[in-house]
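Below are the chains, spelled out letter by letter.
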Amino acid sequence: FTGAVVNPCKYEICASLAQSFKMIKKVHAGASFGVVQFGWDAAKLQEISWRLQQNNCLIPLLARLMILTPQKAVDLCSGNYPGIRISKNFQNAVRSEMQHSTAQFLAAQWRRIQLHAAGAKFLGYSGLQIGGITSVAAAQTVYQMILPALSESKPACRSSLHDSVLLRNEWQ
């Protein structure tokens, strides 16, 4: 299978459109699925899906998610992950969570990954790719943590803008 990656989490209109057009070009060149880079932004997940649909690029999409540890959060908020952009609102939320205990911080991250997984399913994504897993035990933990959220979420063919606004507020 030939796949392609896209990073829709660009917050300047020209950069955002460029990512969409690059992905459309990749699909026309033969990509049979897409992996959407992490960015913790439900509206951007939906935006790239809509743009692909509008251009008859009907391929399965995988949402790439990342579990944040305290160190990864520091690196992310400091801009030390090349190519990963996050919104100011998300950056502020993560920085606020870092002020709490490690247990509270990690609980917030688990809840966030549950919401993102359920949201991706709701938006019609075909699957997930979870970054930051370093062992089989960690993979099993992630699976056990997101499974209840996935079973609560009903997949949509593709959701409406109203649904996106509701999800965006929940995810951040």
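A brief structural summary.

About the criteria used
Residue numbers run consecutively from 1 along every chain, following the written order of its sequence. Thresholds applied to this predicted model are a pLDDT of at least 70 for local features of residues and 80 or more for the giving and counting of side-chain atom pairs; totals over whole chains, interfaces and linings are not thresholded and use all residues. Working from all heavy atoms in the structure, the side-chain values ignore hydrogens and water. Here, the term nonpolar core denotes a set of buried Ala, Val, Leu, Ile, Met, Phe, Trp, Tyr and Cys residues that are joined through side-chain atoms within 4.5 Å. Here's how the labels work: a residue is buried when its accessible area is under 20% of the maximum for its type, exposed when over 50%, partly exposed in between, all with a 1.4 Å probe on protein chains only. Where helices and strands are cited, they refer to DSSP runs of H or I of at least four residues and of E of at least two residues respectively, numbered from the N terminus. Should any heavy atoms of two residues lie within 4.5 Å, those residues are counted as being in contact. We call two strands paired when DSSP finds no fewer than two bridges between them. A crossover counts as right-handed when, viewed with the strands pointing away from the observer, the path leading from the first strand over the helix to the second turns clockwise. Each salt bridge in this description consists of a side-chain nitrogen of Lys or Arg and a carboxyl oxygen of Asp or Glu lying within 4 Å of one another.

Core analysis: the biggest nonpolar cluster contains 24 residues, and Met23, Val36, Leu52, Tyr125 and Ile130 have the highest contact counts within it. Those elements that place two or more of their residues in this core are β1 (3-6), α1 (13-28), α2 (42-54), β3 (61-66), α5 (102-122) and α6 (136-152). When near neighbours in sequence (up to four residues on either side) are disregarded, Val36 contacts Val6, Pro8, Leu45, Ile48, Leu61, Leu62, Ala63, Arg64 and Tyr125. Grouped together as the second largest cluster of nonpolar side chains are 12 residues, Ala73, Cys77, Phe90 and Phe105 included.

With that settled, consider the pairing of β3. One ladder, built from 3 bridges, connects strand β2 (residues 33-36) with β3; its direction is parallel. Opposite Val35, over in β3, you have Leu62 as the bridge partner. The β-α-β motif built from β2, the intervening α2 and the parallel element β3 has right-handed crossover chirality. The sheet contact formed by β3 and strand β4 (residues 127-131) spans 5 bridges and is parallel. If you follow Met66 over to β4, its bridge partner there is Gly131.

Okay, the pattern of salt bridges next. Taken as a whole and judged by the stated rule, the model has 3 salt bridges. In this structure, the salt-bridge partner of Glu47 is Lys44, at a minimum N-O distance of 3.4 Å. Remark: Lys44 and Glu47 occur in helix α2; sequence separation between them is 3 residues, near one turn of the helix. Judged by its relative accessible area of 21%, Glu47 falls in the partly exposed class. On the basis of relative accessibility, which here comes to 10%, the residue Lys44 falls in the buried class. Between Glu97 and Arg112 there is a salt bridge whose closest N-O contact spans 2.7 Å. One end of the pair, Glu97, is in helix α4 (residues 88-97); the other, Arg112, is in helix α5, and 15 residues separate them in sequence. Comparing Glu97 with Arg112 shows no difference in burial state: the two are buried. A cluster of three or more residues bridged by salt bridges with shared partners is formed by Lys44, Glu47 and Arg51.

Keep in mind these numbers describe shape, not what the thing actually does.
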